[in-house]
Amino acid sequence: MAKPPVFNNFIDGQWVPCRSGRTFENRNPADQDEIIGLFQESSEADVNDAVDAAVRASQKWRLFPAPKRAEILFRAAELLIRHKEEFARGMTREMGKVLTETRGDVQEAIDMTFYMAGEGRRMFGFTVPSELPNKWAMSVRMPLGVCGMITPWNFPMAIPSWKMIPALVAGNTVVIKSAEDTPLSLVHFCKTLEEAGIPRGVVNMVSGTGPAVGAPLVRHPDVAMISFTGSTEVGQEVARMCASTHKRHHLEMGGKNIIMVMEDADLELAIEGALWGGFGTSGQRCTAASRLAVHKHVYKEFARKFIDRARHLRVGNGLDKKVEMGPVINAAQLETVSRYVQIGKDEGARLATGGNILAKGSYKRGFFFEPTIFLDADPEMRIAREEIFGPVVTVIPVDGLEEAIQVGNSVDYGLSSSIYTSDVNKAFVAIRDMFTGIVYVNASTIGAEVHLPFGGTKATGNGHREAGHAALDVFTEWKAVYVDFSGKLQRAQIDQLEDL
Ligand code: NAD
């Protein structure tokens, strides 16, 4: 058998092995016999090297004019377009989601890179009148310094790009840790930035585990801020570590999103939305529609058709054009999904379809699970409240919009919500009353556009937003600037005012 390729860390403009020389395997979740490659099992020493390089590079990069930084990023976006198919295929092999979805993941990176590179010629501050004559008042954005970034595996190129590109255009340098299950896509992204001409040390990438790489990055005194996307549990731990060193932190965490189907909804549309929201990426999206609140008047018809569609979903290797749903990411996730199915049964929800690991034939080398639907669930059940992060959808019957909104808002999370209705008044009530960072009308809970703010409330976030103009607030500090060109003491200026 051919030796698997070895992928190094990217530190100070060089692709280098980690100091310990240890590596870990990255295997295809659809076929565990396939090794994607060996990646560096890094530790604190490698994080320190990467941060030192980022500190050194920061002095020049922050003074390099933003429009010039942007030129490099525009070049990176063009290169991403050129490599899109290759990167999407690599991503399907390392994390399992189907090719149309991994192409979408790379496309999000392209969109974000073009969009944010445009900020190189904007990055507006504001100029306001001063209280005094002959005085100018304005505000400008300034970079933070070294930004540390920790990412999950479910959007292995989109999420790193959503953090790195706004940080870079604003004049920060970056040290980013890849997710254990998907290090290849971040290697691809960093190689693209390198090819585009990013100066040495401005972007640094270290692979490895959370405790060995993520935690030292969070604790490092020279890292000015941490941008984290992942589970709420780990996000809380990151926040605690940041609090003790007054480190700015940006958290994007878990979700338990809802689709509300009203009695006047176009049911075909709603079923389509529930299907792709629930089972796209095998349910492993922070925005996955893992709960449905369906009006009792249409509940039976909706449930019958939804179950039928879910039963016919083609599950398999995401590289196969006919496949609609890939595997889950790893053995631990398969085990979590199975455990929640048992919890749902024990709680008394009705398992209408699925519920089993797929282990026969070509499935036996991967981590496949049947698309699973629980009906007649109570909103208090754990399967209706906790993030499962797998192909499991819980359907809750409701009496109307008021109850649907109450159920929707009753969980700890607040990322995404959706309403299917033909009544514009109901749509606006949902827009107003859902306490989520994103609301969709007659569309599923998934599918963000890069020029709008992305993020959630409550246990999903800590008040920041990724993407859109809001991303600049995460990666810059405001500085107020007062310029007095009167040549007089302030007292004299005030006297002059009183004389008017
Ligand atoms: P995770 O929390 O297990 O891991 C996320 C990252 O944190 C990984 O890189 C991991 O190595 C690192 N990490 C783990 N322990 C750490 C520690 N002690 N210190 C520092 N870093 C540490 O999450 P995951 O399984 O990779 O991703 C799934 C989760 O991510 C889900 O909860 C999902 O909802 C969430 N997510 C949220 C968004 C969003 O925008 N809100 C987007 C995608 C995924």
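Here, every reference points to the structure presented above.
Residues numbered from 1 in each chain as written. Predicted model: local features only at pLDDT ≥ 70, side-chain atom pairs only at ≥ 80, totals over all residues. Heavy atoms only, no water.

**Student:** How would you explain the overall build of the protein if you had to name every residue and give the values?
**Tutor:** Within the protein one finds 14 helices and 24 strands. Compactness check: the protein gives a C-alpha radius of gyration of 25 Å against a globular reference of 23 Å for 500 residues, within 12% of the reference. Referenced to the eigenvectors of the C-alpha coordinate spread, the extents of the protein come out at roughly 80 × 65 × 40 Å. Going through the 500 residues of the protein one by one, you find that 57% of them count as buried. Considering only residue pairs separated by 6 or more positions, the protein has 74% of its internal contacts joining residues 24 or more positions apart. A total accessible area of about 20,800 Å² is found for the protein, and carbon and sulfur atoms account for 54% of it. (Helix = DSSP H or I, 4+ residues; strand = E, 2+ residues; numbered from the N terminus. Rg over C-alpha atoms; globule rule 2.2 N^0.38 Å. Buried < 20%, exposed > 50% of the residue type's maximum accessible area, 1.4 Å probe, protein only. Contact = heavy atoms within 4.5 Å. Areas by Shrake-Rupley, 256 points an atom, 1.4 Å probe, with all protein chains shown as cover.)

**Student:** Can you break down the packing of aromatic side chains residue by residue, with the values?
**Tutor:** Taken as a whole, this structure holds eleven aromatic pairs when the rule is applied. Considering the side-chain rings of F302 and F306, the 5.5 Å spacing of their centres and the 35° angle between planes classify their relative orientation as tilted. With F302 and F306 both in helix α9 (residues 296-311) and four residues apart, this pair spans about one turn of that helix. A relative accessible area of 0% places F302 in the buried class. Accessibility expressed as a relative area gives 0% for F306, which makes it buried. Here the aromatic residues F7, F24 and F39 are joined through ring pairs into a cluster of three or more. Here K97 stacks its cationic end above the ring of F155, 3.9 Å away from the centre of that ring. (Phe/Tyr/Trp six-rings, centres within 6.5 Å; stacked < 30°, edge-to-face > 60°. Lys NZ or Arg CZ within 6 Å of the ring centre and 35° of its normal.)

**Student:** I'd love a proper account of the site of the ligand, names of residues and values included.
**Tutor:** The ligand sits among 26 residues. The nearest are T151, E180, S231, M253 and E387. W153 has a polar side-chain atom sitting 3.0 Å from an oxygen atom of the ligand. Burial of the ligand by the protein chains amounts to 88% of its free accessible area of 850 Å². Counting only elements with at least two residues in the shell around the ligand, the list comes to α6 (210-219), β11 (225-229) and α7 (232-244). Examining the composition of the shell around the ligand, we find that three residues originate from one element, α6, more than from any other. When grouped by side-chain class, the residues that make up the shell around the ligand number 13 nonpolar, nine polar and four charged. (Near = heavy atom within 4 Å. Polar contact = N/O pair within 3.5 Å; in protein donor to acceptor, adjacent residues only side chain to side chain. Nonpolar A, V, L, I, M, F, W, Y, C, P; charged D, E, K, R; others polar.)

**Student:** Talk me through the sheet that holds strand β13 (residues 258-261); I want residue IDs and the actual numbers.
**Tutor:** As summarised here, the arrangement of the seven strands in space is β15-β18-β19-β14-β13-β21-β22, forming an open sheet in which the pairing is mixed. Bordering the open sheet on either side are β15 (350-353) and β22 (438-441), each of which pairs with just one other strand. On average, each strand axis in the sheet is tilted by 20° relative to the strand beside it, whichever way the strands run. The sheet contact formed by strand β21 (residues 416-420) and β22 spans four bridges and is parallel. Residue I419 lies in a different strand from β22, and its bridge partner there is V441. (Pairing = 2+ DSSP bridges. Axes fitted to C-alpha atoms, helices over the stretch in contact; angles between N-to-C directions.)

**Student:** Could you give an account of the pattern of salt bridges, with specific residues and numbers?
**Tutor:** Two side chains bearing opposite charge may form a pair once their charged atoms approach each other closely. With the rule as written, the count across this model stands at 32 salt bridges. With a shortest N-O distance of 3.7 Å, E263 and K426 are connected by a salt bridge. Of this pair, E263 sits in the loop between β13 and α8 (267-279) while K426 sits in helix α12 (residues 424-433); the two residues are 163 residues apart in sequence, bridging distant segments of the chain. On the basis of relative accessibility, which here comes to 33%, the residue E263 falls in the partly exposed class. (Salt bridge = Lys/Arg side-chain N within 4 Å of Asp/Glu carboxyl O.)

**Student:** Go over the packing of helix α3 (residues 99-117) against helix α4 (residues 158-169) with me, naming the residues and quoting the values.
**Tutor:** At a minimum axis separation of 8 Å, α3 and α4 run at an interaxial angle of 10°. The pairing of α3 with α4 is recorded here as roughly parallel in orientation. Two secondary-structure elements touch here, α3 through D105, E108, A109, M112, T113, M116 and A117 and α4 through A158, S161, W162, I165, P166 and V169. Residue composition of the contact of α3 with α4, grouped by class: nine nonpolar, two polar and two charged. (Parallel < 35°, antiparallel > 145°, perpendicular 65-115°, else oblique.)

**Student:** Requested: an account of unusual backbone geometry, with residues and values cited.
**Tutor:** Negative phi characterises most residues that are not glycine, and trans characterises most peptide bonds. With phi around 55°, D376 is a residue other than glycine that occupies positive phi space. Structurally, D376 is set in the loop between β18 (372-375) and β19 (392-398). Here D376 falls in the partly exposed class, since its relative accessible area comes to 36%. Backbone geometry at N442 places phi at a positive 55°, although glycine is not the residue there.

**Student:** Pulling in residues and values, what's your account of the nonpolar core?
**Tutor:** In this structure, M164, L168, F189, L193 and V203 are the most contacted members of the largest nonpolar core, which totals 69 residues. A total of eleven residues in this core trace back to one element, the largest contributor, which is helix α2 (residues 66-95). In contact with L168, other than residues within four places in its own chain, are W61, R69, L73, V174, L193, I198, V202 and V203. V261, F279, Y299 and V315 belong to the second largest nonpolar core, which has 31 residues in total. (Core = buried A, V, L, I, M, F, W, Y, C linked by side-chain atoms within 4.5 Å.)

**Student:** Outline the environment of C190, listing residues and values.
**Tutor:** The residue C190 is located in helix α5 (residues 183-196) in this model. Look at C190 and you get buried, because its relative accessible area is 0%. Residues C190 and V203, 13 residues apart in the sequence, show an inter-C-alpha distance of 7.5 Å. Sequence-distant contacts of C190, that is, excluding residues within four places in its chain, are made with F10, W15, M164, V203 and M205.

**Student:** So, α6: which residues are in play, and what are the values?
**Tutor:** Taken together, the buried positions of α6 are V213, G214, A215, P216, L217 and V218. Considering only its buried residues, α6 is in contact with α1 (44-61), β8 (146-150), β9 (173-177), β10 (203-206), β11 and α7. The backbone nitrogen of A212 lies 3.1 Å from a side-chain oxygen of the residue at the head of α6, namely T209.

**Student:** Summarise the sheet that holds strand β4 (residues 23-28); cite the residues concerned and give the values.
**Tutor:** To summarise the sheet geometry, strands pair through backbone hydrogen bonds and adopt either a parallel or an antiparallel arrangement. The mixed open sheet is built from three strands, whose spatial order is β1-β5-β4. Two strands close off the open sheet at either side, each with one partner strand: β1 (6-7) and β4. The pairing of β4 with strand β5 (residues 31-40) spans six bridges and is classified as antiparallel. Pairing of N28 across the sheet is with D31, part of β5. The sheet contacts of α2 involve β4 and β5, and relative to β4 the element is tilted by about 100°.

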